[in-house]
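Tertiary structure, described
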Amino acid sequence: MTRDAIEAELLEIELILSDDQLRDEDRAALFGAQQALLNVLDPETWRSGSQTFYRVGARPMEAASRLRH
């Protein structure tokens, strides 16, 4: 995949992310794709990973997040 193709994909993702009607699950998936593509262009753009882990289709439990603090 060329740099131009990656940049075109990033622009398309930005356009889709600007949709207020986008579901949270789709927004999270697109954000992950965006970060991965940015990392391909420049490894220094990669954000450090979260220490919170999720199961597919599940959200973190509030009680569990309080135990960490």
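The numbering scheme is per chain: residues are counted from 1 as the chain's sequence reads. Where local features are concerned, this predicted model is filtered to residues with pLDDT of at least 70; where side-chain atom pairs are given and counted, the filter is 80 or more; whole-chain, interface and lining totals use all residues. Side-chain numbers come from the whole structure's heavy atoms, not from hydrogens or water.

Turning our eyes to something else, we now look at helix 2 (residues 24–41). Helical segments are the DSSP runs of H or I of at least four residues, strand segments are the runs of E of at least two, and each set is numbered from the N terminus. Each residue after the first adds 1.5 Å to the expected span of a helix. A rise of 1.5 Å per residue sets the reference length of helix 2, with its 18 residues, at 26 Å; its end C-alpha atoms lie 26 Å apart and thus fit the reference within 8%. If you check which residues of helix 2 are buried, you get Leu30, Gln34, Gln35, Leu37 and Leu41. Considered in projection along helix 2, the buried side chains sweep an arc of 165° and stay on one side of the axis. The exposed residues of helix 2 that point more than 90 degrees off its buried face are Ala28, Ala29 and Val40. Check the buried side of helix 2 and you find it contacts helix 1 (3–17). Classification of residues uses two cut-offs on accessible area relative to the type maximum, computed with a 1.4 Å probe and protein chains only: under 20% is buried, over 50% is exposed, and between them is partly exposed. Note that the arc is computed from the directions linking the helix axis to the C-beta atoms. Throughout, a contact is declared for two residues whenever any of their heavy atoms are within 4.5 Å.

Confidence of the predictor at the level of single residues is given by pLDDT, which spans 0 to 100. Here the protein shows a mean pLDDT of 77. Residues at 70 or above account for 61%. The spread of mean pLDDT over the elements of the protein runs between helix 3 (residues 62–68), the lowest at 51, and helix 1, the highest at 93.

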